[in-house]
There are 2 protein chains.
Amino acid sequence: MSINQPVVKPGEFVFSVTGLEHVHIYSMCSALIQAGAQLKSIYEPDEKKRSAFLQKFPQAMPVSSEAELLSDPGVHMIAAAAIPCQRGDLGIRVMAAGKDYFTDKGPFTTLEQLERARATVKKTGRKYMVYYSERLHNEGAVLAGEMIAQGEIGDVIQVTGFGPHRLGTAPRPDWFYQKAQYGGILCDIASHQIEQYLYYAGEEDAAVTMSRVGNYAHPQYPELEDFGDCALTGKKGTTNYFRVDWFTPDGLRTWGDGRTFILGTKGTIEIRKYINLAAEKTGGNHVFLVNGKGEKYWDATGMTGHPFFGQLILDCLNRTENAMPQRHAFKAAELGLLAQEKALRLSRDEIKF
Amino acid sequence: MSINQPVVKPGEFVFSVTGLEHVHIYSMCSALIQAGAQLKSIYEPDEKKRSAFLQKFPQAMPVSSEAELLSDPGVHMIAAAAIPCQRGDLGIRVMAAGKDYFTDKGPFTTLEQLERARATVKKTGRKYMVYYSERLHNEGAVLAGEMIAQGEIGDVIQVTGFGPHRLGTAPRPDWFYQKAQYGGILCDIASHQIEQYLYYAGEEDAAVTMSRVGNYAHPQYPELEDFGDCALTGKKGTTNYFRVDWFTPDGLRTWGDGRTFILGTKGTIEIRKYINLAAEKTGGNHVFLVNGKGEKYWDATGMTGHPFFGQLILDCLNRTENAMPQRHAFKAAELGLLAQEKALRLSRDEIKF
């Protein structure tokens, strides 16, 4: 199978960009372009962010307003990494303008935004797709999905995920530390975790059985949640647990030791997504499969590519749902928002029983 | 530091044995003997079990009744791996006879048994110690405890544990499949997990925030729980999650890929207790430490020994609590029983929302 080959001819699928608030926008654009999409325009009022983007993507034509961006009839899709609390409204404007929308995660900060987006999808028939990169843009995660589909571990019973992230010492934008703007750790970086669970377990719906958030060690950022965890129970009876945090140690050779552990009736899969701890070789995509045939290891780098992006382009052109059903993208977001809403607040102060 | 050296002279500390229902009794005896204890007598009515034990420990003198075993004034401690639902009452008889008790885990199957044991400890001043082997008898787990004590990962925030076990094809004893006798997966194999959490996080008390049990794939054993998980919230605000199961795949080179992940404010520790998946070398005790100084790996085999057993002998002789506080041993058991009691029952049938 060819890896990340263009799925369309030049000019067949055109997208534009707005919202450079998170560096994810760079990998979103690169992956779309690799899959054959043509990047046309960019609207970004911040000169510094815009210049940096144009250095990397000189083909993008700067335009002077969002209205100009959205009114271009030759553009199929708008890709964006806006401030999280503005992602929903931007998407609604994009869809109302007749275009599909591809946003960085977390796609919403309130359930109200989600419901309006759902209504707009229904009304316009457009797509509100989400860059759940920790599965879609990781070949280890893609390979694991293929193994499950091939029955390598029997029926999936449980998925556990770790999503540690490095806070870093360079200051992040203001919105990053303001709860009303980023929404909370469970609707932000945990949305990856929930999406993976629903996907690997084949669940269409789940309930939030438990969730917790805390700020253990960053009193200088009182609205930052540096830890969160959550347990989901799927409609078909599978279970999920994940923990996410901003505690990646300084000495780790990458930004986070992301893991996924999938328990099946006939085997298990572990994905070490970005690093294999203390191993000489750097790089990610480490997949460990154990089943009746033994223990096997793959470095999935270069094995699977990232089929999501080409599928997404074709979905937009053909109005199909092969990359990701809209329902699934929204359900992952919804569960993160619900988990956020009902989370127990942790603290190092003694908890009363 | 010398490893597992005798802490007493021959004959200074004497123990006897009853209850050979779980093979753990063999490693309990071996570890005590290595630490200097003298094995004196055994009471076991089952001829086959007794003979097998005497092959391994020919020094043990068979006696014809429990009363005879318990009335020997030269014996300090009784070690036992009875049927789980009988462990509590046996311990109460042992303590009433003026001896310390060292039982396999899970130490109880009901809260009522636990409360009577607590009362008997208070009344007699004797010890009810538990073989929480997954920490006490694993050098990787011991090394992790030393690293935490040395401040290598800052303050512990969270502990996640996986305790998969192999069910195997050889039939297990009847009690193993009967809920009233083994108590449920959360008070049995999960007791290890809870003990580890309390120990690594330095928590004296915790609440059961969520627990679930299920039988996903063993309809032939309707009372077996082949999956369980649980989230605890500690009194000091740390958190715990663990999952336990009977789904170790046939192809794994050992009985279970037990793991512990410890998240601290300044670093993380992962223990791969019994195997490092797909690695050439077999054996356990793999410890991965990541902190500000980088990523480090140790094979802890032969590094730490198992100090618990020598400390336990000295605790019995000196009436100290260096091996494990009585309160801690009981609290781990209590939380498992509470988790069991309140567990959500999972099933592959559709769960109603």
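Above this text is the structure in question.
As a starting point, this report considers the structure included with it. What you see is a predicted model; the values in this text were computed from it and never measured.

The rules behind each value
Residues numbered from 1 in each chain as written. Chains lettered and ligands numbered in written order. Predicted model: local features only at pLDDT ≥ 70, side-chain atom pairs only at ≥ 80, totals over all residues. Heavy atoms only, no water. Least-squares fit on C-alpha atoms with pLDDT ≥ 70 in both. Contact = heavy atoms within 4.5 Å. Axes fitted to C-alpha atoms, helices over the stretch in contact; angles between N-to-C directions. Helix = DSSP H or I, 4+ residues; strand = E, 2+ residues; numbered from the N terminus. Parallel < 35°, antiparallel > 145°, perpendicular 65-115°, else oblique. Left-handed = near helix turned anticlockwise from the far one by under 90°. Nonpolar A, V, L, I, M, F, W, Y, C, P; charged D, E, K, R; others polar. Buried < 20%, exposed > 50% of the residue type's maximum accessible area, 1.4 Å probe, protein only. Arc of directions from axis to C-beta. 1 Å grid on protein atoms, 1.4 Å probe; cavity = no way out; pocket = protein on both sides within 12 Å on 5 of 7 lines; lining within 4 Å. Points joined across faces, edges and corners; volume = space filled by probe spheres on them.

Here we take up the relation of the copies chain A and chain B. Each copy of the sequence occupies a distinct position, and chain A is placed on chain B by a rotation of 180° and an axial shift of 0.0 Å, giving an RMSD of 0.0 Å. Put plainly, the chains are arranged around a two-fold axis. Proximity to the rotation axis, assessed at the C-alpha, singles out Met210 of chain A in chain A; its C-alpha lies 3.3 Å from the axis. Comparing interface residues between copies, 100% of those in chain A also lie at the interface in chain B; the contact surface is shared.

Bringing the packing of helix α4 (residues 84-96) of chain B against helix α5 (residues 111-124) of chain B into the picture now. Two packed helices can be described by the angle between their axes and the distance between those axes. Residue and element names in this part refer to chain B. At a closest axis distance of 10 Å, the pairing of α4 and α5 adopts a crossing angle of 10°. Looking at the two axes, α4 sits roughly parallel to α5. Every pair of crossing elements has a handedness; the one defined by α4 and α5 is left-handed. Seen from α4, the contacting residues are Cys85, Asp89, Ile92, Met95 and Ala96; seen from α5, they are Gln113, Arg116, Ala117, Thr120, Val121 and Thr124. For the contact of α4 with α5, a count of residues per class yields six nonpolar, three polar and two charged.

Here we come to unusual backbone geometry. Following Lys105 of chain A, the chain continues to Gly106 of chain A via a peptide bond in cis, the omega torsion being -25°. Assignment of secondary structure puts Gly106 of chain A in the loop between β5 (100-104) and α5 (111-124). Positive phi values are uncommon outside glycine, yet Arg319 of chain A reaches one of about 55°. Residue position: Arg319 of chain A is located in the loop between α10 (307-318) and α11 (326-342). Residue Asn285 of chain B is not a glycine yet carries a positive backbone phi of 70°. With respect to the element layout, Asn285 of chain B can be found in the loop between β12 (267-272) and β13 (286-291).

Moving on, we come to the environment of Leu143 of chain B. All names here are of chain B. Structurally, Leu143 is set in helix α7 (residues 139-149). Residue classification places Leu143 among the buried residues on the basis of a relative accessible area of 7%. Beyond its immediate stretch of four places on either side in the chain, Leu143 contacts Val287, Trp298, Ala300, Met303 and Thr304.

Moving on: helix α1 (residues 24-34) of chain A. Residue and element names in this part refer to chain A. Taken together, the buried positions of α1 are occupied by His24, Ile25, Met28, Cys29, Ala31 and Leu32. Looking straight down α1, one finds its buried side chains confined to an arc of 165°; they lie on one side. Of the residues one or two after α1, Gly36 is the one with positive phi, at around 110°.

Moving on, we get to the layout of surface pockets. Considered as a void within the structure, the largest pocket measures approximately 950 Å³ in volume. Lining the largest pocket are 38 residues, with Glu21, His22, Val23, His24 and Arg172 of chain A sitting closest to its centre. Elements represented by at least two residues in the lining of the largest pocket include exactly α1, α2 (47-56), α4 (84-96) and α6 (133-136) of chain A. Ranked by residues supplied to the lining of the largest pocket, first place goes to α2 of chain A with three residues. A per-class count over the lining of the largest pocket returns 16 nonpolar, 10 polar and 12 charged. Taken as a whole, the second largest pocket spans an internal volume of roughly 740 Å³. Together, 30 residues line the second largest pocket, and Glu21, His22, Val23, His24 and Arg172 of chain B are the ones closest to its centre. Elements supplying a minimum of two residues to the lining of the second largest pocket: α1 (24-34), α2 (47-56), α4 and α6 (133-136) of chain B.

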